[in-house]
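# Descriptive analysis of the structure
So you can see what is in the structure, the chains are spelled out below.
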Amino acid sequence: MIPIADLTRKNHVPGNYYAPRTYLRGELEMGLLENRRGDRLLALPSTFLEGLYAGLDREVGQASGLVLFNCGLWWGKHFFKRFQDEISDYYQMSLTDMKMADFLQALQHCWSTYGWGKLTLDQSYQEQGFLVVTTYNSFFANREPQASNLPVCFLEAGVLGSFFSELSGQELHCVQTSCESLGADCNRFVIGLRSRFGSGGGAG
Amino acid sequence: MQPTIEHIFDEVEHRYLPPESLKQVHHYVKSLPERITAYRTLRERETLILQKVADQLEKTFPNKSQDDIERSLRYAMLALRQSAMAMLMDDITHLDEQFTDWLGESMTIHNTQEVDRILYGYLKKILVQAMPAKHFTLISPLLDHIQNTVLPGSVVSAPAQPAPQPVAAAI
């Protein structure tokens, strides 16, 4: 016999932690935007990101990609920490005990609830030591003010590289191979050990 | 908040509510006591209702692992709670915004559909016995909506209302 009362922990049945209506909370009067745990969130208007890209381009020129990538690395490290805290707390288990499929599903819903677009993962290159992440309708790809013939999601690449480095406990690199800003149907990011990329693995 | 009432606030400075909108508000407010009663019933009888479902599933799927059946039961528990909230708010969009995408993905990831298809039939059969018909008709369309979305083609017509009997005896 399956005792139903045992299926809940203090009447809590874990569902979709990142369900938008529940996850995002704000008090307009106080100027506060918070998640469901009360951690503060910061809304980035597209104008801000466009200004950041343009300002960096003017200040440091071609190095702006490297600067954004490094900012992404820092951001991704903290993003992982918060994601880990939230998920471990909600599902009452550590990330290492969580099934990979459940972990990925939570990450996908987190990504879209944050307004960063849709994210999928392709693990078919795992034997070669690579993970391929694909994003659609990326917030980061559609804000580049100047036409370029190179992928532009440096910030996103940094976040992903850092996030999966924290997850795996190894220092991983991330290279973007297709970009919506160049007319591609999606943004593809290849993540793996830097040594495996050979000489073509520049920033982002 | 109930969508009809939510939209009223948008138009306050322009006009008084037209008769049709006022009628919708009246209809919702009038239905609220029944919605609250139905919600209370579900809240208080959730464990009993789902225990009955669990017992039937164990008989139907003797070769399934307990983990598999428990996972389907957790999904059903969430579906019932989300449906109860949508019923209380009279807002079916709540389900799609908050729940059905995630549930459909979860069922696919963990391959629980075989059990889930049978589970929803049992759940509705037990609900129809556990609550008055007027309350069942409030919750049933919401469960059907979830089922139609995550398990397309699996909804069968609602079970016939049985002869009246005490609720406690039925469950």
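Only a predicted model underlies this, so the values are computations on that prediction, with no experimental measurement involved.

### Looking at the overall build of chain B
- Helix and strand counts for chain B stand at eight helices and zero strands.
- Mapped in sequence order, the helices and strands of chain B form the string α-α-α-α-α-α-α-α.
- Scored against the burial criterion, the 171 residues of chain B give a buried share of 44%.
- Look at the contacts in chain B between residues 6 or more apart in sequence, and 75% of them connect residues 24 or more apart.

### Description of the sheet that holds strand S6 (residues 187-193) of chain A
Residue and element names in this part refer to chain A.
- Across the sheet, which stays open at both edges, the four strands sit in the order S3-S4-S6-S5 with antiparallel pairing between neighbours. In the strand order of this sheet, the two ends are held by strand S3 (118-122) and strand S5 (172-178), each with one partner. Between one strand axis and the next, the sheet turns through 25° on average, direction left out of account.
- Relative to the sheet, helix H5 (residues 154-168) contacts S3, strand S4 (131-136), S5 and S6, its axis offset from that of S5 by approximately 140°.

### Brief notes about H5 of chain A
Residues and elements named next belong to chain A.
- The first and last C-alpha atoms of H5 sit 21 Å apart over 15 residues, in line with the 21 Å expected at 1.5 Å per residue.
- The buried fraction of H5 amounts to eleven of the 15 residues, a majority that puts the element mostly inside the structure.
- What H5 keeps buried is the set Leu155, Glu156, Ala157, Gly158, Val159, Leu160, Gly161, Ser162, Phe163, Phe164 and Ser165.
- Once H5 ends, the next one or two residues include Gly169, with phi positive near 75°.

### Section: the pattern of salt bridges
- Going through the model one piece at a time under the given rule, you end up with twelve salt bridges over all chains.
- The partner of Lys64 of chain B in a salt bridge is Glu114 of chain B, and the shortest N-O contact between them spans 3.1 Å. One end of the pair, Lys64 of chain B, is in the loop between helix H2 (19-60) and helix H3 (66-89); the other, Glu114 of chain B, is in helix H6 (residues 113-130), and 50 residues separate them in sequence.
- By relative accessible area, which is 26% here, Lys64 of chain B ends up partly exposed.
- Through salt bridges that share partners, Arg21 of chain A together with Asp91 and Glu97 of chain B make up one connected network.

Reading guide: rules and limits
Residues numbered from 1 in each chain as written. Chains lettered and ligands numbered in written order. Predicted model: local features only at pLDDT ≥ 70, side-chain atom pairs only at ≥ 80, totals over all residues. Heavy atoms only, no water. Helix = DSSP H or I, 4+ residues; strand = E, 2+ residues; numbered from the N terminus. Buried < 20%, exposed > 50% of the residue type's maximum accessible area, 1.4 Å probe, protein only. Contact = heavy atoms within 4.5 Å. Pairing = 2+ DSSP bridges. Axes fitted to C-alpha atoms, helices over the stretch in contact; angles between N-to-C directions. Expected span 1.5 Å × (residues − 1). Salt bridge = Lys/Arg side-chain N within 4 Å of Asp/Glu carboxyl O.

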